[in-house]
Amino acid sequence: MAGGEEVKTLPALRRLWKKLWQYRVDKGQTVLLIGGGSVLDVGGFAAATWKRGTPFISVPTTLIAQVDAAFGGKVGLNFRQGKNLIGTYADPQAVWVAPDFLRTLPPRELRAGWVECYKQALLSDQSLWSHLQSLSFSTIPSVELLQRLVSIKMRYVEQDPREEQGIRQALNLGHTLGHVWESLSLRTQAPLLHGEAVAMGLIQEILLSAQTNRLPKAVAEAILSKLRAEALMLPLPTFTWSAWEKILLQDKKVRNGQIFLPLLVEIGKVQLVPVSIQALKASVRLYQALVAV
Ligand SMILES: [Zn+2]
């Protein structure tokens, strides 16, 4: 099957279920999923729901899937304009990571994958972050680095496997706004890659942290200049504020006109903070001004 967000749909899921039915797959067999994050998401969901759960093994072939999507036990698909609205938790029996797959990626995909690595490093510590500041986003990461990045994610996942305590929300750094740009771009002729949209969201959320004095300006500046140097400060997709707000509020609980999102307060530390829609809009406008320079 093709890859990309377009496969995280009901018709694609139906085709997979049909194959499982045709091949008479039962719980005594194991489904092997080889592909990027979207294929693992929809394939994992198909397996997890087939006969109430058929074992599967994930073989991620993109950088983003090797450090993020394949780990954490979430599978699912998009619905209407909402990302991952349908889904469940299901752990693969194993995740097999072969970095050689990364040599087959187009440079754009590789660079977008590094965004998720970079986000993971921001959640880790000063030394790993500094290391990534000095690495080019066009290189293939070592197995050791991949393992380290995955272990950061798993530290959060293990503390809060079903996302009931808010701990795992830290992993959504950059994703609150990132998902909005991703959804908006899917309606245009120039869809963004997940990592590209997350870079936008990350920069805007870093700007917000700095503007509200939660994050030292020098750290924010260093993050911004790295992402800009890697050509990841991209122009926003065409959008209207009403569409933007509608998507933003789709899966977010609003209390007193505020939504909660994880913001970086120092390298390795994230806080769940209530933010007004106006403040988010202001950081988007700030981003637009920076891109225009
Ligand atoms: Zn992501």
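Please refer to the structure higher up on the page.
Residues numbered from 1 in each chain as written. Predicted model: local features only at pLDDT ≥ 70, side-chain atom pairs only at ≥ 80, totals over all residues. Heavy atoms only, no water.

Chemist: Any details on the coordination of the zinc ion? Residues and values, ideally.
Modeler: Donor atoms from the polypeptide that bind the zinc ion are Glu116 (OE), Glu116 (OE), His175 (NE2) and His194 (NE2), placed at 2.1 to 2.6 Å. Geometry at the zinc ion is irregular, judged from its four donor atoms and the angles of 50 to 139° they form at the metal. In the primary sequence, the donor residues of the zinc ion line up as E-x58-H-x18-H. Of this pair, His175 sits in helix H7 (residues 175-186) while His194 sits in helix H8 (residues 194-211), placing them 19 residues apart in sequence. (Donors = N, O, S within 2.8 Å, 3.2 Å for Na, K, Ca; no water. Tetrahedral: all angles 85-135°; square planar, octahedral: opposite > 155°, others 65-115°. Helix = DSSP H or I, 4+ residues; strand = E, 2+ residues; numbered from the N terminus.)

Chemist: Which residues make up the nonpolar core, and what values do they have?
Modeler: Residues Leu63, Tyr118, Leu122, Trp181, Ile223, Trp244 and Leu280 are the most contacted members of the largest nonpolar core, which totals 64 residues. Both domain 1 (1-105) and domain 2 (158-292) contribute no fewer than three residues apiece to this core. Counting residues in hydrophobic clusters, the runner-up holds 22 residues, among them Val25, Leu33, Ala48 and Trp50. (Core = buried A, V, L, I, M, F, W, Y, C linked by side-chain atoms within 4.5 Å. Buried < 20%, exposed > 50% of the residue type's maximum accessible area, 1.4 Å probe, protein only. Domains from an automatic or database assignment.)

Chemist: Please give an account of the packing of aromatic side chains that cites residues and values.
Modeler: The geometry of an aromatic ring pair is captured by two quantities: the separation of the ring centres and the angle between the planes. Following the criterion strictly, the structure yields five aromatic pairs and no others. Between the aromatic rings of Phe239 and Trp241, the centroid separation amounts to 5.0 Å while the plane-to-plane angle is 85°, which identifies the pairing as edge-to-face. The class for Phe239 is partly exposed, based on a relative accessible area of 22%. A relative accessible area of 24% means that Trp241 is categorised as partly exposed. Both rings, one in Trp241 and one in Trp244, keep their centres 4.9 Å apart while their planes meet at 85°; by these two values the pair is edge-to-face. Note that Trp241 and Trp244 are positioned in helix H10 (residues 241-250) at a spacing of three residues, about one turn of the helix. Put simply, the rings of Trp181, Phe239, Trp241 and Trp244 touch in pairs and so form one group of aromatic residues. Its end group placed over the ring of Phe137, Lys226 keeps NZ or CZ at 4.7 Å from the ring centre. (Phe/Tyr/Trp six-rings, centres within 6.5 Å; stacked < 30°, edge-to-face > 60°. Lys NZ or Arg CZ within 6 Å of the ring centre and 35° of its normal.)

Chemist: Give a description of the pattern of salt bridges that names residues and reports values.
Modeler: Side chains that carry opposite charge are capable of pairing whenever their charged atoms lie near each other. Tallied over the full model, the rule gives eight salt bridges. Between Asp41 and Lys8 there is a salt bridge, with its nearest N and O atoms 2.8 Å apart. With Asp41 in helix H2 (residues 37-49) and Lys8 in the segment before helix H1 (10-22), this residue pair connects regions lying 33 residues apart in the sequence. As far as the burial class goes, Asp41 and Lys8 line up, both buried. In this structure, Arg103 and Asp100 form a salt bridge, with 3.3 Å as the shortest nitrogen-oxygen distance. Asp100 matches Arg103 in its accessibility class, with the two residues each being exposed. (Salt bridge = Lys/Arg side-chain N within 4 Å of Asp/Glu carboxyl O.)

Chemist: Before we move on, could you go through the side chain of Asp160 and cite the residues and values that matter?
Modeler: Structurally, the position occupied by Asp160 is in the loop between helix H6 (143-159) and H7. Of the side chains with opposite charge, Arg168 lies nearest to the buried Asp160, which makes no salt bridge, at 6.5 Å. In this structure, Asp160 is in contact with Gln165, Gly166, Ile167 and Arg168, ignoring residues within four places of it in sequence. (Lys, Arg positive; Asp, Glu negative; His and termini not counted. Contact = heavy atoms within 4.5 Å.)

Chemist: Explain the packing of H7 against H8 residue by residue, including any values.
Modeler: Two numbers describe a pair of packed helices, the interaxial angle and the distance between the axes. The contact between H7 and H8 brings their axes to 7 Å, and the two run at 135°. It follows that H7 is oblique to H8 by the angle criterion. Every pair of crossing elements has a handedness; the one defined by H7 and H8 is right-handed. Counted together, His175, Thr176, Leu177, Gly178, His179, Trp181 and Glu182 of H7 and His194, Ala197, Val198, Met200, Gly201, Gln204 and Glu205 of H8 form the full contact between these two elements. (Axes fitted to C-alpha atoms, helices over the stretch in contact; angles between N-to-C directions. Parallel < 35°, antiparallel > 145°, perpendicular 65-115°, else oblique. Left-handed = near helix turned anticlockwise from the far one by under 90°.)

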